[in-house]
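Take a look at the letters that make up each chain.
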Amino acid sequence: MSFLDAKFVQGFIRMANDGWEQGWHERNGGNLSYRVKPKEVEEVKDCMQAGEWEPIGANVPGLAKEYFLVTGSGKYFRNVIINPEDSICMIELDDKGENYRIAWGLVNGGRPTSELPSHLMNHEVKKNQNEKYRVIYHAHTTNIIALTFVLPLKDEVFTRELWEMATECPVVFPDGIGVVPWMVPGGKEIAVATSELMKKYDLAVWAHHGMFAAGEDFDLTFGLMHTAEKSAEILVKMLSMQSNKLQTITPDNFRDLARDFHVTLPERFLYKK
Ligand code: 13P
Ligand code: ZN
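Quick look at the structure, then.

Parameters at a glance
- Residues numbered from 1 in each chain as written.
- Chains lettered and ligands numbered in written order.
- Predicted model: local features only at pLDDT ≥ 70, side-chain atom pairs only at ≥ 80, totals over all residues.
- Heavy atoms only, no water.
- Donors = N, O, S within 2.8 Å, 3.2 Å for Na, K, Ca; no water.
- Helix = DSSP H or I, 4+ residues; strand = E, 2+ residues; numbered from the N terminus.
- Buried < 20%, exposed > 50% of the residue type's maximum accessible area, 1.4 Å probe, protein only.
- Pairing = 2+ DSSP bridges.

As a further point, take the coordination of the zinc ion (ligand 2). Taken together, H138 (NE2), H140 (NE2) and H209 (NE2) make up the protein donors of the zinc ion (ligand 2), found 2.1 Å from the metal. Read from N- to C-terminus, the donor residues coordinating the zinc ion (ligand 2) fall into the pattern H-x1-H-x68-H. On the criterion of sequence distance, the pair formed by H138 in strand β6 (residues 135-139) and H209 in the loop between β8 (203-206) and β9 (210-215) is long-range, its members being 71 residues apart. Neither H138 nor H209 differs from the other in exposure class; each is buried.

Buried residues dominate strand β5 (residues 99-105), accounting for five of its seven residues. In terms of strand pairing, strand β2 (residues 54-55) meets β5 through two bridges, oriented antiparallel. Pairing of P55 across the sheet is with N99, part of β5. Note that strand β4 (residues 88-93) and β5 share five bridges and pair antiparallel. Bridging from a neighbouring strand, E92 pairs with R101 of β5. Here β4 folds back onto β5, and the loop between the two strands holds five residues, one of which, G97, carries a positive phi near 75°.

In structure tokens, the structure reads:
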């Protein structure tokens, strides 16, 4: 099978293009990674070669010898669909989880996303919790970013405000959403901060920058990003009309919803305002 015909590669390309169409990926903004299943690696093994080992910039022993499909650093999401072999790559990790090498893609040179430390540290946390988690997605979601200038940068506040803006939110992300204060992107420090939040949540906001989402597959991860960003859009619209709500979903409404939809909503998000 040709590399690009593999179903997981097609799913990856479609998700990147969906993100582009949402307007979340100006220039080279955002990045996407997928932890490839062993049987999927097997499907494309004849298309792979072994590049030079390079340091990851983080230690992820829990991901040793795994393969990832990732977007390239400086590559544009809008080009992924028309020129995937130039824009994305498959990487293999060494037996310590300290180095990677390119096995396919980036045919015109380059390296995986500068946020590789964040992606891989998040993958490691999620894999430890639930082997089914395979996708980490970073997008420059406009409305979430706008809110990081006006809401306190607290997990409780972002979670509660997003939950209130769309009834489906507490069902889609019942664990809530974490917030990382502004930090220099691309390094290990922001990767450590984000992966700490990923122990509790599937979503992390990067103040004045964007959002990270984790999930089991492309649909669930894209859907999570989309749901949180849509809720943020409603909040931005509401705040643009007036600063206070005439009515909203109350803590008791959330408790009723939790009962009927069989989700657990932590009480720390249902504080009295
Ligand atoms: P890359 O082009 O290196 O993936 O960086 C884009 C980005 O969004 C950095 O946070
Ligand atoms: Zn970014």
